[in-house]
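Now for the letters of each chain:
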There are 2 protein chains.
Amino acid sequence: MCPESIKVNSDKLTRFVTTCFQKAGMPSGDAAIAAGIVVATDLRGIDSHGVARLNNYIKGLREGRIKPDPKTLVISKAPATAVMDGDHGLGFIVGYRAMQEAIRRADIAGAGFVTVRNSNHFGAGGNYSMMALAHDMIGISMTAGAKGMSVSGSQGSGAGINVLSIAAPANKETSFVLDMATTVVAAGKIEIAVREGKSLPEGWAVNRQGKPLTDPKKFREDGGSLLPLGGLTALGAYKGFGLTVAVDILCSVLSGSAPNNATMGNHFFGALRIDTFIPADEFKNNMDEMFKSYRLLAKAEGVERITLAGEPEREIEKKRKAEGIPLNPAVVASLQGIARDLGIEYSL
Amino acid sequence: MCPESIKVNSDKLTRFVTTCFQKAGMPSGDAAIAAGIVVATDLRGIDSHGVARLNNYIKGLREGRIKPDPKTLVISKAPATAVMDGDHGLGFIVGYRAMQEAIRRADIAGAGFVTVRNSNHFGAGGNYSMMALAHDMIGISMTAGAKGMSVSGSQGSGAGINVLSIAAPANKETSFVLDMATTVVAAGKIEIAVREGKSLPEGWAVNRQGKPLTDPKKFREDGGSLLPLGGLTALGAYKGFGLTVAVDILCSVLSGSAPNNATMGNHFFGALRIDTFIPADEFKNNMDEMFKSYRLLAKAEGVERITLAGEPEREIEKKRKAEGIPLNPAVVASLQGIARDLGIEYSL
């Protein structure tokens, strides 16, 4: 097998992923939505959360853990808030519907917040917060991730690797899109390090005794945990842990799920309609000014530019839309396996 | 002068601070509210943001930078959202009114979000998020702080030391209260280190050339900046910077202020009414379960207990309510100076 990455056209990849989801039992409209989210993730360079994980979703659908056609249910007692029961659907579909619900409510009430239970892994958080941008809204998305974070003072992985994303539109500049795990790095970065044969910087992870762990291949066998953002207690790790718990409260406790249970099926979505605060144009022009003010800071030696959250991803997206999405040989093999299992043609 | 701390009864301290604010021109009701917030901060052990800063507020009031009787204005175009113009009032009063406004809106719409411009430094963020607790709501407060954060890739202090607080009620357990600056540590910790004659751990701060700075007394003369949460870029400092910008967007851009202008007068408040999602009792019982689940984790060697955000502060509060608030000699001298300037009796 050739160890080089191949480049695949994003539309072609979307059609392939759509067919996979359809073959796994999803209605065609939902399959297209889910495929759009998966490939948008790869387009933005978040390789850890795109088609590299497609096999997990397809497996879940085929094994019945994930329902291909969920009857999601909205329970609401006030104009600006709701709970969605995801009926164990694919996280992309439940997340998409819940964020739409938050946007609908923000359109009427100024703010819309929807907490979600009984969903599944929803991929990268930015896909949902960014749905608010076209509506001139600020978007928020969070998810309670799988256990994998070391809680300060404890042994093992006591907390979830939770995710927090906030997106806000600008005018001429790119949108601001913060999309972060509450750990020092996202879990997917360990998988990437394994695939690329690199070692981990000290301060990312610890083994089951809480000692530094730098070999990504040993992450599982050594009972590895990621450190909360901050890394060490003296450097603010209690803040990263606090953010983790806050995300869990909004996703899990507020949706009526057991807290910190690591099913990856609890999310939280929010939208704020900008023109109920100030005119949207004024907001977006001020966002442009903000981007410029950071860009004009005196640069440290050797630094060419200063970027804000969302800028690097937007540039990767432009490049990959033009040149195709690079797929690692391990990912190609995984997609070939999926095609074989589902009995569809592999033609990427 | 004796270098020992003295202990002062919290009610007595509140009366003293109320008199100070009144003498500086504030109406008695507002003076009592502001004093309550200042002393609550000391009670919770956040010594950097309590009476240690009283002189700054009194000075601002006397010099006319802070209006003693602001005519705050609420501009709202939707049930769940509003902008408050703080009319350059004391941050405690503007913050208190804006959080009340968020709570009123959440009571009706399920969610209430208020962004604030033309306020002033509002002290510790937890004072406002915690106002939601008695209403069985989740509270959120943020403020755009003074410039003092090093932006990755730049020289000098390019970003504000912003603050983010989230509070959620429990049943038998204490409330969860996350109250954090988006830097590795809060700026007040530098002042505390100076007062206590301690040096700074490496990873907290850099000088104007971006080199590590560990002598807190040299912080000003060396053009010191705090590092964003994460510390180094490889350890996720871009996340701490991203959170900083997100807070600035909600406080400054959304309120129609210039972004990143460091007046400390832009805030953001939110409230989510829990029983519009699930019954409040169910929420609070699940919060108790969450606290327990973390407490039961296997402890690392030498660790006696694992605490969540809000627990240490609650314990300090109990102790200080019973035993008094310890005031450092420098703080006592500052309070004596205020009493002298205002022509009131110092009797703490």
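The rules behind each value
- Residues numbered from 1 in each chain as written.
- Chains lettered and ligands numbered in written order.
- Predicted model: local features only at pLDDT ≥ 70, side-chain atom pairs only at ≥ 80, totals over all residues.
- Heavy atoms only, no water.
- Contact = heavy atoms within 4.5 Å.
- Buried area = accessible area lost by both parts, 1.4 Å probe.
- Salt bridge = Lys/Arg side-chain N within 4 Å of Asp/Glu carboxyl O.
- Polar contact = N/O pair within 3.5 Å; in protein donor to acceptor, adjacent residues only side chain to side chain.
- Helix = DSSP H or I, 4+ residues; strand = E, 2+ residues; numbered from the N terminus.
- Nonpolar A, V, L, I, M, F, W, Y, C, P; charged D, E, K, R; others polar.
- Pairing = 2+ DSSP bridges.
- Axes fitted to C-alpha atoms, helices over the stretch in contact; angles between N-to-C directions.
- Buried < 20%, exposed > 50% of the residue type's maximum accessible area, 1.4 Å probe, protein only.
- pLDDT = per-residue confidence, 0-100.
- Parallel < 35°, antiparallel > 145°, perpendicular 65-115°, else oblique.

A.B. asks: What's the story with the interface of chain B and chain A in this structure? I'm lost.
C.D. replies: A common measure of how large an interface is: the accessible area buried when the components associate. Contacts between the two partners involve 81 residues from chain B and, on the opposite side, 80 residues from chain A. The contact between chain B and chain A buries some 6200 Å² in all, and 73% of this surface belongs to carbon and sulfur atoms. Remark: the boundary between chain B and chain A carries zero salt bridges. In this assembly, chain B and chain A are joined by 18 residue pairs in polar contact (both at pLDDT 80 or more). Per-element tally for the side of chain B that touches chain A: the top contributor is helix 7 (residues 237-253) of chain B, with eleven residues. Partitioned by chemical class, the residues of the side of chain B that touches chain A number 51 nonpolar, 22 polar and eight charged.

A.B. asks: Sorry if this is basic, but what is going on with the sheet that holds strand 8 (residues 163-168) of chain A here?
C.D. replies: Remark on secondary structure: sheet strands pair via backbone hydrogen bonds, oriented parallel or antiparallel. If you walk across this open sheet you meet the seven strands as 2-3-4-12-5-8-9 (chain A), and the pairing is mixed. Strands with a single pairing partner mark the edges of an open sheet, and in this sheet they are strand 2 (73-78) and strand 9 (176-181) of chain A. Strand-to-strand, the axes of this sheet are offset by a mean angle of 10°, without reference to chain direction. Of the strand pairs in this sheet, strand 8 of chain A and strand 9 of chain A are connected by six bridges, and their pairing is antiparallel. Bridge pairing in strand 9 of chain A places Ser165 of chain A opposite Asp179 of chain A. Packed on one face of the sheet, helix 7 of chain B meets strand 5 (137-143), strand 8, strand 9 and strand 12 (267-273) of chain A and runs near 135° to strand 9 of chain A.

A.B. asks: Honestly, the pattern of salt bridges in this entry has me stumped. Any pointers?
C.D. replies: Side chains bearing opposite charge may pair, as long as their charged atoms lie close to each other. Within this structure, the stated rule accounts for 42 salt bridges over all chains. Two residues, Lys71 of chain A and Asp69 of chain A, come together in a salt bridge whose shortest N-O distance is 3.1 Å. Classification of Lys71 of chain A by relative accessible area gives exposed; the value is 57%. Between Glu196 of chain B and Lys198 of chain B there is a salt bridge, with the nearest N and O atoms lying 3.3 Å from each other. Through salt bridges with shared partners, one network takes in Lys7, Lys319 and Glu323 of chain A.

A.B. asks: Mind showing me how you'd approach the confidence of the model for chain A here?
C.D. replies: Low pLDDT marks stretches whose predicted atomic positions should not be read closely. Mean pLDDT over chain A works out to 94, with 98% of the residues at or above the 70 mark. Confidence estimates for the predicted assembly give a pTM of 0.96 and an ipTM of 0.95.

A.B. asks: Please clarify how the packing of helix 2 (residues 28-43) of chain A against helix 4 (residues 91-109) of chain A should be interpreted in this entry.
C.D. replies: Two measures define how a pair of helices packs: the angle their axes make with one another and the distance between the axes. Residue and element names in this part refer to chain A. Viewed as axis vectors pointing N to C, helix 2 and helix 4 meet at an angle of 95°, and their least axial separation amounts to 9 Å. As the angle between them shows, helix 2 and helix 4 are arranged roughly perpendicular. Packed against helix 2, whose contacting residues are Asp30, Ile33, Ala34, Ile37 and Val38, the element helix 4 presents Phe92, Ile93, Tyr96 and Arg97 at the interface. Tallied by class, the residues present in the contact of helix 2 with helix 4 amount to seven nonpolar, no polar and two charged.

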